[in-house]
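Observations on the three-dimensional arrangement
Listed below, chain by chain, are the residues.
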Amino acid sequence: MADRLTLTRRSPAVAPFARRSVGLALRARRPLGLAPLAWTAMALYAAFLIYPIVQGLFNSFTNASPLALSSAFVGLDNYVDLFTDRRLLSSLGFTLLVTVFVTVAANAIGLALALLLNRSTTNYRVMKTLIFIPQVLSGVIVAFIWRSILTQNGLLNSVLQNLGLIDAPVSWIGTPGLAALAVCVVVSWVTIAFATVVYTASLQSVPAELYEAARMDGAGVWSRFRNVTLPMIAPGTTISVVLCLITTFKLYDVIAVLTGGGPAESTKSTAFYLITVAFTDNRFGYGSAIAMLLLVLTAAAAFGLTALLRRREVNL
Amino acid sequence: MRRSRSGGLVGRGSHLVVAWLVTIAFVFPIYVALSSAFKSQEQILENPLSLPAPFTLTNVITALQRPDQLVQTGLLNSIVVTSLTVGLLIPLASALSLYISERRPRIQAILLAVFAFGLMAPPQVVLQPIVGLLHTIGLANTYPGLILSNIGGGYMSFAVFVYVGFLRTIPKETIEAARVDGASDLRIWWTIVLPLVRPATATVAIFLGLWVWNDFLNPLFILGPLQGQTITTGIYVSLGTYSTDYGQLFGIMFLAAIVPLVGYLVSQREFIHGLMSGASK
């Protein structure tokens, strides 16, 4: 190995198809020609993702505002204010509700649909194509479709009234608790579409022989599901759960169109509230503190859940 | 499919019926929207469930004849923003990914961890500093500003993860062989790597194309209300002005959704394949 490490880039041929140990050799054949493109990409990422996070962190210790010419350092004041901001606390509660509801519903129903549609004839292929459509439409369109269904003189009320289930139209998106439920249902609708396709793909990767073997051993339907299907699709579960979670945390368009955060701010998620504080109230400093909180919460939830589910993948 | 599951003819038949009923129930809101696009306002309110009979193109035509050209400008703007974002991201991200995959394992791990942030960070977190930055460099409320923020943001992370994951499946020998022949790195990237990673490029193009097209938050706050709209923010604006004219709104929505829908139906196999390769990783 030692002689190989001394080679220069002139004879990269001998640079081993390296395992992890030959870092020096890799370094010796740095692809110079690509560097400008790669560095441009990194510079853009640094400017539009890393810098904004650093700037946000900095702003969170100030009372910055576009209306004031200069801003002052206020220490941890903004962070202290977080704890007494009732609108923020209720937005955190709502975000938690939607996240739990959506993640559970999307994965449970998505897996059920995938099991139902896990066949490859034309009929089933068409059904799978149809089920993914909510994921293709923009959140604005999805929310508008549902708003037209849930509105006072919309489809849901007229069907329920015709069936005699309700006497007067229900204000689905005008009543705090129901509006929260409406957001949960609409977001679930979109994420179910996603989860179904992920689970369908995962199911297809389960070798049929495993089911045969389990069947030979006398395993019933439930036992095969529990001992063959679930462990085999565990990587798909991890992907689906974590992506549902991230999707819900960054939710904006659906809420903006469906409820606008109302009624009485009952459907304001933290990400939605953050936009209000930063762009409507123009409180950059305080908004940045909320942004940092949201970032830490998302990172903790995403990384924590990934680690947890990865461990589960091994143990199943 | 699997013999073990198929059961008898009757079992298969009833399974098919159940599957169709569930599917139809699930996509029913889409039927409502689609049929409403071709119904008059009265029909929409009185018979929301019925088929569009009599069939009318009035909604679609009215949407296209608006004096503000909302649909046409919106579609054009969306096409420009989406194709430039995706068209620039693919070479940048694939070159970056090749570069990353040739680093030492530890540096690779650090870089990937840095890019994982973009995958996860809610766009709301970085939006206000981005708007501030664009102000500083004189690109506030401009399309170049929007496109640059798209390229440098979380989409880059997604592309990098797809490409780096795919590059791992390519034997190092392939690239080494080209190096032996004296090909420059730029040439290797262009003539060898890019053709090899074409499935990854398809995944990146399809998903980023869809996400950028459907994006709402960035165009709304980066372009601002005065600088024209993408089709997605355009719909939002028309929702405010025509909140009760459902016929008109469904017409606009039909025109807005038709592009991603047709794109999805055409590239469906790559779509599912992309999701699958993501899910199995």
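Each residue is numbered by its place in its chain's sequence as written, counting from 1. Naming scheme: in the order in which they are written, chains are lettered from A and ligands are numbered from 1. This being a predicted model, a pLDDT of at least 70 is required before a residue's local features are given, and a value of 80 or more before pairs of side-chain atoms are given or counted; all residues contribute to the totals for chains, interfaces and linings. Only hydrogens and water are set aside; all other atoms, that is, all heavy atoms of the structure, feed into the side-chain values.

An unreviewed UniProt entry lists chain B under the name Raffinose/stachyose/melibiose transport system permease protein, with Agromyces ramosus as the source organism. UniProt positions are given in the numbering used here, feature names are shortened, and annotations may be inferred rather than shown by experiment. Check the Sequence similarities (unreviewed entry) section of the UniProt entry for chain B; it says "Belongs to the binding-protein-dependent transport system permease family." Looking at chain B in UniProt, the text filed under Subcellular location (unreviewed entry) is "Cell membrane".

As recorded in an unreviewed UniProt entry, chain A goes by the name ABC-type sugar transport system permease subunit, listed as coming from Agromyces ramosus. The UniProt entry for chain A carries the following text under Subcellular location (unreviewed entry): "Cell membrane". Heading Sequence similarities (unreviewed entry) of the UniProt record for chain A holds this comment: "Belongs to the binding-protein-dependent transport system permease family."

**Focus on the UniProt feature "transmembrane region" (unreviewed entry) in chain A**
All names here are of chain A. UniProt annotation of "transmembrane region" (unreviewed entry) refers to residues 34-54, 92-117, 129-150, 170-199, 232-252 and 289-309 when read in the numbering used here. Under the DSSP-based scheme used, a helix requires at least four consecutive residues in state H or I and a strand at least two consecutive residues in state E, with every element numbered from the N terminus. In this annotation, residues 34-54 is assigned 95% helix and 0% strand; the end-to-end C-alpha distance for the span is 28 Å. A distance of 30 Å separates the end C-alpha atoms of residues 289-309, which is 100% helix and 0% strand.

**Some details on the interface of chain B and chain A**
On the side of chain A, 110 residues touch chain B, which itself brings 96 residues to the contact. Using a 1.4 Å probe, buried area is obtained as the accessible area two parts lose upon being combined, added over both of them. When chain B packs against chain A, the two sides together hide about 9,200 Å² of surface, and 75% of this comes from carbon and sulfur. On the chain B side of the interface with chain A, the three residues burying the most area are F26, Y99 and M120 of chain B, jointly 8% of the side's total. Think of a salt bridge as a Lys or Arg side-chain nitrogen and an Asp or Glu carboxyl oxygen that are within 4 Å of each other. The interface formed by chain B and chain A includes 0 salt bridges. Two N or O atoms form a polar contact when they lie within 3.5 Å of each other; inside protein one atom must be a possible hydrogen donor and the other a possible acceptor, and for residues adjacent in sequence the pair counts only when both atoms belong to side chains. Across the chain B-chain A interface, the total number found is 14 residue pairs in polar contact (both at pLDDT 80 or more). Ranked by residue count, the leading element in the side of chain B that touches chain A is helix 2 (residues 9-36) of chain B, at 15 residues. Here a residue-residue contact requires only that any non-hydrogen atoms of the pair lie within 4.5 Å.

**Some details on unusual backbone geometry**
Residues and elements named next belong to chain A. In the segment running from G262 into P263, the intervening peptide bond is cis, with an omega of -10°. Secondary-structure assignment places P263 in the loop between helix 13 (253-258) and helix 14 (270-280). You will see that N282, though not glycine, has its phi angle at about 55°, which is positive. Looking at where N282 falls in the secondary structure, it is placed in the loop between helix 14 and helix 15 (284-315).

**Structural notes on the packing of aromatic side chains**
Each Phe, Tyr or Trp ring (for Trp, its six-membered ring) is paired with any other whose centre lies within 6.5 Å, and the angle between the two planes then decides the class: stacked below 30 degrees, edge-to-face above 60, tilted in between. All told, the structure shown has 23 aromatic pairs over all chains when counted by the stated rule. Ring geometry for F144 of chain A and Y246 of chain B: centres 5.9 Å apart, planes at 35°, overall tilted. A residue pair is termed interchain when its members come from two chains, as with F144 of chain A in helix 7 (residues 139-150) and Y246 of chain B in helix 15 (residues 246-266). According to the relative accessible area criterion, F144 of chain A is buried, its value standing at 0%. Ring geometry for F158 of chain B and F207 of chain B: centres 6.2 Å apart, planes at 50°, overall tilted. Here F158 of chain B, found in helix 9 (residues 154-168), pairs with F207 of chain B, found in helix 12 (residues 198-214); they are 49 residues apart in sequence, far enough to count as distant. Residue F158 of chain B shares its accessibility class with F207 of chain B, and that shared class is buried. Each residue's exposure class comes from its accessible area (1.4 Å probe, protein chains only) as a fraction of the maximum for that residue type: buried when under 20%, exposed when over 50%, partly exposed otherwise.

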